[in-house]
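Descriptive analysis of the structure
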Amino acid sequence: MPTSGDFFRISQLPPYPLGEIAHAVRAAQAAGEEIIDLSQINPDLGPPAAAVDKLVQACLQPHNHRYSASQGITKLRAACASWYEQRFGVALDAASEIVVTMGTKEGLSHLLLAVVSPGDTVIVPAPSYPIHVSAVFISGASLVGLPLFSSYAQAAQNDYHLSAASGDFFDRLDRMYHNTWPRPKFIVLSFPHNPTATTVDTGFFQRLVEFALKNRTYIVHDFAYADLCFDGFHAPSILALPRAKEVAVEYYSLSKGFGMPGWRLGFCVGNPRLVSALKRIKSYLDSGVFQPLQIAALKLLDAGALSAVEYLRETAAVYQARRDVLTSGLTASGWELSVPRATVFVWARIPERFRSVGSLAFSRRLLENARVAACPGIGFDQQADEYLRFALVEPERKLRQAVERIGELS
C-alpha cells in the first residue's frame, strides 16, 4: 500500500495562503485569549427576519426535504432575473442565463472545471482572492497573474479605482494576452475587489468587454460585494454593458449583503453557453441547494423586494460606520490607506518603522501583542508584503478597541 499522499492530485495545490494566521487565531482562542478577529470574512449581522421565518415555514413541509434541482428551483431563478433588472438594469432569461449555486466558491470552481482543460491558460489579477487562484489549479489549467496596478504607490495615487482611462492596466492586459501561449481562454476578476477594495466604473468594464470580444476570450466576474457600497458609490454589473453577455458571466452572492454566508446561496448569470456548462457539471455533482433555503431566498428577491433593498441600504450603512471607525483609528496610528468605497475590507500599509519585518511577521506580532488578527498582504500577492487586510466583521465598539490596541503597539 502507498505510504505517502504525494501522488494525490490535491498535493499539487499550493498551501492555502492565509491558513497560518487562521490556525494562529484558533490556537490563541483555545488558550483563552480574547482575540478581535478581523482576518476572516464572516458577516455577523445575520439574515433578514422575513427570510428566517420563511425558512422555518418551508422546513415544516415534508416535501421540501426531498432532492431539489441542481440548477435551482424555477421560481427562484425567475426572481433573480427580476432582481437583476431592478438592481442593475440587466435583462436575463431565467431558463438559459441563470443557475443557482452553492455560493461563489462552488460555482466558480465548478465552472472552470467544466470549461478549461490542462494546458489552457487563465488570467487572474494580482492580488486576488485565493479561490480565484486555486480554482484555476483545481481545473488543471495554468495561471497567468496580471497586476491590477503597476505598483501599490500608483494604486494609492488612483485611490484604488480603475476606469476607462486606466490605460496602463489595459496595456498590461494586452501584452500579457499576446505574450502567453496558448492564448488565455478566461479572465477571472472581482470588483469591488477582495482584498484591496478596488472599484471600477462602467467605462472600465466597457473596455474589458471590447477586449474580450476582440480576442475571443471569456470573462468571469465575481460580484460578491455588489451591495456593500458607500458614500453614494454604486458598483456596476459587467452585464449592463452592450454585448457583455456574449463573453461574460457574473456571480452574485447573498452571503455578504444579506448576511447569509452559511446558507451558501448565489447565482451565476450571463452567457448562456457558460451557464449551460455549469448546469451540466452540477447535474453530475450535486442535487441542488436545500429547498427551504431557496424558498427563503425567493421570499427576499420576489415581487420587487422593496424591503430587501431597504435591508441592503441599512446593512451598507452599518459597514460604512465600521469603516469610518477603523480607517480613522489606523490613520491616527500612522497607517497609510485609501478609504474604501465598497466591500467589507480595509487595505492598509503597515507603518514605516515596521515594514521591514514583512506582513506575515507583523500580523503575528499584532496577534500576539495586540490580540488583533488581520490578514498579511503576502497571502494575496508577493508584492504586497507591506500591507494587511482588515475585515469589518465586528461592531464599532470592538473596532474601537482594536484600533486602541493597534495604536499602543504602533
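Everything discussed here concerns the structure shown above.
Note that the structure is predicted; figures quoted are calculated from it, not measured.

This brings us to the state of the cysteines. This structure, assessed with the given rule, holds zero disulfides. You can see Cys-229 has no disulfide; the closest cysteine sulfur is in Cys-80, sitting 17 Å from it.

Glancing now at the pairing of strand E15 (residues 387-391). The element E15 is largely enclosed, with a buried count of five among its five residues. Residue alternation in E15 divides its side chains into two sets, Tyr-387, Arg-389 and Ala-391 and Leu-388 and Phe-390, and both sets are buried. Where strand E12 (residues 345-349) lies against E15, five bridges are found, and the strand directions are antiparallel. In the strand pairing of E15, Ala-348 is matched with Leu-388. Bridge count between strand E14 (residues 375-376) and E15: two bridges; the pairing is antiparallel. From the neighbouring strand, Pro-376 faces E15, where its bridge partner is Leu-388.

Let us now look at the sheet that holds E15. Strand order in the open sheet made by the four strands is E11-E12-E15-E14, with antiparallel pairing throughout. Only two strands of the sheet have a single neighbouring strand rather than two, namely strand E11 (336-337) and E14. Together, E14 and E15 form the strand contacts of helix H12 (residues 359-370), whose direction differs from that of E15 by roughly 45°.

Scanning the model with the defined rule gives two cavities of 30 Å³ or more in all. Size it by volume and the largest cavity reaches roughly 60 Å³. Around the largest cavity, the lining residues are Asp-159, Tyr-160, Thr-196, Ala-197, Thr-199, Ser-338, Val-339, Pro-340 and Arg-341. The residue makeup of the lining of the largest cavity, split by class, is four nonpolar, three polar and two charged. Its boundaries defined by the atoms lining it, the second largest cavity holds a volume of some 40 Å³. Around the second largest cavity sit Val-124, Pro-125, Pro-127, Ser-128, Tyr-129, His-132, Val-188, Leu-189, Ser-190, His-193 and Asn-194, which together line it.

Conventions used here
Residues numbered from 1 in each chain as written. Predicted model: local features only at pLDDT ≥ 70, side-chain atom pairs only at ≥ 80, totals over all residues. Heavy atoms only, no water. Disulfide = S-S within 2.5 Å. Buried < 20%, exposed > 50% of the residue type's maximum accessible area, 1.4 Å probe, protein only. Helix = DSSP H or I, 4+ residues; strand = E, 2+ residues; numbered from the N terminus. Pairing = 2+ DSSP bridges. Contact = heavy atoms within 4.5 Å. Axes fitted to C-alpha atoms, helices over the stretch in contact; angles between N-to-C directions. 1 Å grid on protein atoms, 1.4 Å probe; cavity = no way out; pocket = protein on both sides within 12 Å on 5 of 7 lines; lining within 4 Å. Points joined across faces, edges and corners; volume = space filled by probe spheres on them. Nonpolar A, V, L, I, M, F, W, Y, C, P; charged D, E, K, R; others polar.

Purely spatial values, then, with no claim about function.
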